[in-house]
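Chain residues, written in single-letter form:
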Amino acid sequence: MNGVIVAFGGALGALLRWGTVQVVAEPLGTLCVNVIGSFLIGLGFVAVSSEDPRWHLFLITGLLGGFTTFSAFSLDALKLLEAGKLSAAFGYAAGSVLLSLAAAAFAIWIARSIWT
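Note that the coordinates shown come from a computational prediction; the quantities given were computed from them, not determined experimentally.

Peer 1: Please set out the environment of V24 residue by residue, giving values where relevant.
Peer 2: Within the secondary structure layout, V24 lies in the loop between α1 (2-23) and α2 (28-47). On the basis of relative accessible area, V24 is assigned to the partly exposed category, the value being 26%. Each residue touching V24, except ones within four places of it in the same chain, is listed here: G29 and C32.

Peer 1: Tell me about the packing of aromatic side chains, residues and numbers included.
Peer 2: Within this structure, the stated rule accounts for five aromatic pairs. When the centroid spacing of 6.2 Å and the interplanar angle of 80 degrees are considered together, the rings of W55 and F58 count as edge-to-face. Remark: F58 and W55 occur in helix α3 (residues 53-67); sequence separation between them is three residues, near one turn of the helix. Accessibility expressed as a relative area gives 49% for W55, which makes it partly exposed. Centroid distance F70 to F73: 5.2 Å. Interplanar angle 50 degrees. Geometry classified as tilted. One end of the pair, F70, and the other, F73, are both in helix α4 (residues 69-82), three residues apart, so they sit about a helical turn from each other. For F70, a relative accessible area of 34% gives the class partly exposed. Looking at F73, the relative accessible area reads 15%, which means it is buried. Of the aromatic side chains, those joined through ring pairs into one cluster are F8, W55 and F58.

Peer 1: Lay out the confidence of the model for the chain in plain terms, naming residues and giving numbers.
Peer 2: When pLDDT is averaged across the chain, the result is 93; 100% of the residues are at 70 or more. Element-level pLDDT for the chain is lowest in α4, with a mean of 90, against a maximum mean of 97 in α1.

Quick notes on the rules
- Numbering of residues starts from 1 in every chain and runs along the sequence as written.
- In keeping with the predicted nature of the model, local features appear solely for residues at pLDDT of at least 70, side-chain atom pairs appear and are counted solely at 80 or more, and the whole-chain, interface and lining totals rest on all residues.
- Note: side-chain values were computed over all heavy atoms of the structure, leaving out hydrogens and water.
- Numbering of helices and strands starts at the N terminus; helices are DSSP runs of H or I of at least 4 residues and strands are runs of E of at least 2.
- Classification of residues uses two cut-offs on accessible area relative to the type maximum, computed with a 1.4 Å probe and protein chains only: under 20% is buried, over 50% is exposed, and between them is partly exposed.
- Here, two residues are considered to be in contact whenever any of their heavy atoms come within 4.5 Å of each other.
- Centres within 6.5 Å are what make two rings of Phe, Tyr or Trp a pair, Trp counting through its six-membered ring; a difference in plane orientation under 30 degrees is then read as stacked, over 60 as edge-to-face, and the rest as tilted.
- Looking at any residue, its pLDDT shows the predictor's confidence there, from 0 to 100.

Now the structure itself:
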């Protein structure tokens, strides 16, 4: 049942992301999604922390995970900061951004070398 809850939330989140980017063109639409998602995951994390765990699965993992995984990244970095693990938080943030950019660039290079 938990998988269905996550899947339903994820489907709604993906539709919301798509709709947002249709209204606000990329890359500004993507920036809006990431910032809004990060804000909402902060609210949601606090709001549903003591509620039924299914709300966490639906809202945090599903809806906001489908809307933007950047929100989950933001929450993970903030948890490290709140735990006083400053170097781990900044290393995680820098590593996530730089490694993700490098992975996307590498994938584009591979794909272009194969298909073009």
